[in-house]
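# Residue-level structure breakdown
Here's the letter readout for the chains.
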Amino acid sequence: MTDFLAHSKNSAGHKQSLADHLQGVADLASEFASAFGAEEEARLAGLLHDLGKYGDLFQLRLQGKERGIDHWSAGAWTALSTYKLNGICAALAIQGHHIGLQQSSKDALAALEPTRLRQALPPNVRLSEPDLGTLTQRLADDDLRCPDEATESLYAGLGAPSAAAMLDVRMLYSALVDADFLDTEAHVAGDASGHKRYRQPGPVLNAERDLSVLFAYLQGLAEDSKAAPHIIRLRSDLLTACLEAANLPQGLFTLTAPTGAGKTLSMLAFALKHAVEHGLRRIVMVIPYLNIIDQTVQEYRRVLAAIMGPEALDRYVLEHHSLAGTRGGGPESNTKDEQENVRRLLAQNWDAPIIVTTSVQFLESLFANRSSACRKLHRLANSVVLFDEVQTLPTRLAVPTLATLSRLAERYDASVVFSTATQPAFSHLDEPVRKYCAQGWQPREIVPADLRLFERAKRTKIAWPQADDASVSWGDVTEQLAAQQQVLCIVNMKRHAWTLLSELRKREVPGLLHLSTNMCPAHRKTALEEVRVRLETKMPCCLISTQCVEAGVDVDFPTVFRAWGPLDAIAQAAGRCNRNGNARTGTVHVFRPEDDGKQLYPDGAYGQAAGVAGTLLARRGEDQMDIQDTHLFEEYYRELYAIRGVAEGRGDLLAMVDTQHFAEVAKLYRIIKQDSINVLVPYDREAFEALAEEVRQTGLTRDWVRKARAHTVGVFRPRGDSPLMDWLEPIAVHGGRKMEPADDWFIYSKEGGYDDLTGLVLDGQSNYEIA
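Described in the following lines is the structure provided in the data block. In this text, all values refer to a predicted model and were calculated from it rather than measured experimentally.

## Topic: the nonpolar core
One finds Phe362, Phe387, Phe426, Trp464 and Tyr636 to be the most contacted residues of the largest nonpolar core, which totals 214 residues. It is helix α9 (residues 162-188) that contributes the most residues to this core, 14 residues altogether. Beyond its immediate sequence surroundings of up to four residues, Phe387 is in contact with Met267, Val286, Phe362, Leu363, Leu405, Val416, Val417, Phe418 and Ser419. With 19 residues, the next largest nonpolar core counts Val487, Trp498, Leu504 and Ala563 among its residues.

Next up, the structure:
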């Protein structure tokens, strides 16, 4: 074995040989890729990924004598030049393991040729060794040999449907970079004798046991339920349908059921039974909003609490999103909570049986090009992926998303379930999806039509505005709300909520409460608890909310008011009315708010969808606007897609998918277009002061993020001239030897800057006057 090194000394004083690292990564990558039949291709990528480290310049770099050494391109070109088309996937993965996936095109791949590459490199970057023969000979001297011929590649070629081909590359890349991270981490944690210390693997899904526990839990819920008997029967029928459908072959599914039908646990039952039937490894639950992640995780934990304690649950049901405190490096990380450290490590590569995550985390990872985001993707093979409230997927992302998920099901033995009460007409996009994935989009519906769930679930009457109705003033809305004992009013804009709250406060309306994303999670949780107590005990309750109450929040009001908006939003609002069917009929009043000359809707897409809903009402008339009619939503979504040109494949994102430009796709694929920051707010003064003092002393740590997330509000990143900047104290993070300000974490320092009812006050005016 040669003396070439992969990594310098660890804390025990041991250096890692390059041969040891290449072999370790090759073995791990092969193990990971065996889940989708690409073990030999992954082994090849592992052996070649650090080929350039055999260069003398890189060895000098380890001694601190050189900088700016490219050690990744040599292995990429070796894979490409040796194995031609069957080497493209490995070449892209190897090239990307340090700089991120780039582009799969003839010109981009040809640019890896050493002579051309040397001419194109920046002045401060050099190849570790321009002679590939020298590098491959040193590889052979370490008794590491690549096969004479590569096995057939995952990658179907440059002319293959592009979204499918890009997923194939990302999956191999995921196996490689996760293996690279883990082997490097094991060296860093190793002992002086050279023994690597790998992290403890996550637990294995025991779907049969979990399903039995879930049955017992559901039986207890049914026995204790206060819902009307016909709603209990409806929930039981949905569960039965899910269990029967779980026996079907793997693939794409939809689950279309009315709000309040028990979709969350019925989906889990489907996933567990499906896993039993097909020997699947993992369940991933994807939820659009942070505010309902916690309640889903807690529900799952309650199900499994009968068979495992809190620490085991933390490893078995993993919560992963932007505020979960799970970002960062290896076991050396600074944390006071070892259990939190374990969760963080598992979240890095989703090494847990049940994952609960956000649409942003899941989908942006699926379209990412960087190793930290992509390393978990190989875990999706042989899994069940459940999407809740799928109507929230932005239509501009529909075609590439559907194509990529279709490939995940077709090639990687995953089953994908789209669940909602208002199922988008994605099946009508089958033809444009086929351009990007040959399988297209033709899911099977889990719920048989003869169950008539929507017809049986009619618990509300919708009072639509007449086509010629003038808009309603906020004063008139206030009058109507004040006359109700228990009422929910949902508006489109925060300033509309604050207008109503100001007027209702003046009238001293009892039980006045509020929900919006200007409130931190701890505040929203307290408000929802009070709402539920008041509803249960028949006390006065007037809740003024933005749309954050509409997706997955379990409240049951006899009367709901909803400002005009998209049809799916109106249907979701109706799902908070007479949810348990205990009243004979609940009433949902839909009104057109007065135009105050300012923005009526959160963004243009929302307003466009509201306009389509208005067109449908004018054309159909209120008698034909039955929100339980799935045909109504099919018509609504088809018209919306036509207006937005979804089927025509417009936009920069699809153009970059067409050219398989991984870096540009990663930039353009954003669930939320506008960047946001995290602001620690003084909802709970004692907790706020303790957290602020701690982070000033220690800087930003994962442990601090975990504790602070309940006291944090997300705010769109302000412009440099915004007055908000005057009240934001930057939080520092360790940047090597010194503390540097984080770019997305701040402390809100304005006195009186948090209102007990409405949450964060963003300027010097009254909260109710914020535009």
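## Overview of helix α11 (residues 229-245)
With 17 residues, α11 should cover 24 Å at 1.5 Å per step; its first-to-last C-alpha distance of 25 Å lies within 8% of that length. Within α11, burial applies to Ile231, Leu234, Leu238, Leu239, Ala241, Cys242, Leu243 and Ala245. Along its buried surface, α11 packs onto α10 (207-224), β5 (252-256), α12 (263-278) and α20 (453-456).

## Here's the deal with the sheet that holds strand β9 (residues 383-387)
Strands sit in the order β7-β8-β6-β9-β10-β5-β11 across an open sheet of 7 strands; the sheet is parallel. Every other strand in the sheet has two partners, leaving β7 (317-320) and β11 (444-445) as the edge strands with one partner each. Each of β5, β6 (282-287), β9 and β10 (415-420) touches α12; the most contacted strand, β9, lies at about 165° to it. Across the face of the sheet, helix α16 (residues 359-366) comes into contact with β6, β7, β8 (354-358) and β9 while running at roughly 95° to β8.

## Section: the pairing of β8
The buried count for β8 comes to 5 of 5 residues, which makes it a mostly enclosed element. Burial of β8 is two-sided: the residues Ile354, Val356 and Thr358 facing one way and the residues Ile355 and Thr357 facing the other way are all buried. Bridge count for β6 against β8 is 5 bridges, and the pairing is parallel. Its bridge partner being in β8, Ile283 is matched across the sheet by Ile354. Here 4 bridges tie β7 to β8, and the two strands are oriented parallel to one another.

## Structural notes on the sheet that holds strand β12 (residues 460-463)
Across the sheet, which stays open at both edges, the 6 strands sit in the order β12-β17-β16-β13-β15-β14 with parallel pairing between neighbours. Each having just a single partner strand, β12 and β14 (512-515) make up the two edges of the open sheet. On average, each strand axis in the sheet is inclined to that of its neighbour by 15°, with strand direction left out of account. With 5 bridges joining them, strand β16 (residues 559-563) and strand β17 (residues 586-591) adopt parallel strand pairing. In the sheet register, Thr559 faces β17, and the bridge partner there is Thr587.

## Re unusual backbone geometry
At Arg452, a position not held by glycine, the phi torsion is positive, near 50°. Inspection of the secondary structure puts Arg452 in the loop between β11 and α20. Residue Arg452 is classed as partly exposed on the basis of its relative accessible area of 42%. In this model, Asn578 sits at a positive phi of 50°, which is unusual for a non-glycine residue.

## Regarding the side chain of Arg301
Mapping Arg301 onto the fold places it in helix α13 (residues 290-304). Residues within four places of Arg301 in sequence aside, it is in contact with Pro310, Leu313 and Asp314.

What counts as what
Throughout, a residue's number is its position along its own chain's written sequence, starting from 1. Note on the predicted model: pLDDT of at least 70 is required for a residue's local features to be given, and 80 or more for side-chain atom pairs to be given and counted; whole-chain, interface and lining totals, by contrast, use all residues. To obtain the side-chain values, all non-hydrogen atoms of the structure were included, while hydrogens and water were left out. Residue types Ala, Val, Leu, Ile, Met, Phe, Trp, Tyr and Cys, when buried and joined through side-chain atoms within 4.5 Å, form a set referred to as a nonpolar core. Summary of the burial criterion: residues with accessible area below 20% of their type's maximum are buried, those above 50% are exposed, and those between are partly exposed, where the area comes from a 1.4 Å probe applied to protein chains only. The secondary structure listing takes helices from DSSP runs of H or I that are at least 4 residues long and strands from runs of E that are at least 2 residues long, numbered from the N terminus. Note on definitions: a residue-residue contact is assigned when non-hydrogen atoms from the two residues lie within 4.5 Å. By this rule the span expected of a helix is its residue count minus one, scaled by 1.5 Å. Being paired, for any two strands, means DSSP has found at least two bridges between them. Orientation is described by axes fitted as lines to C-alpha atoms, over the contacting stretch for helices, and by angles from 0 to 180 degrees between their N-to-C directions.

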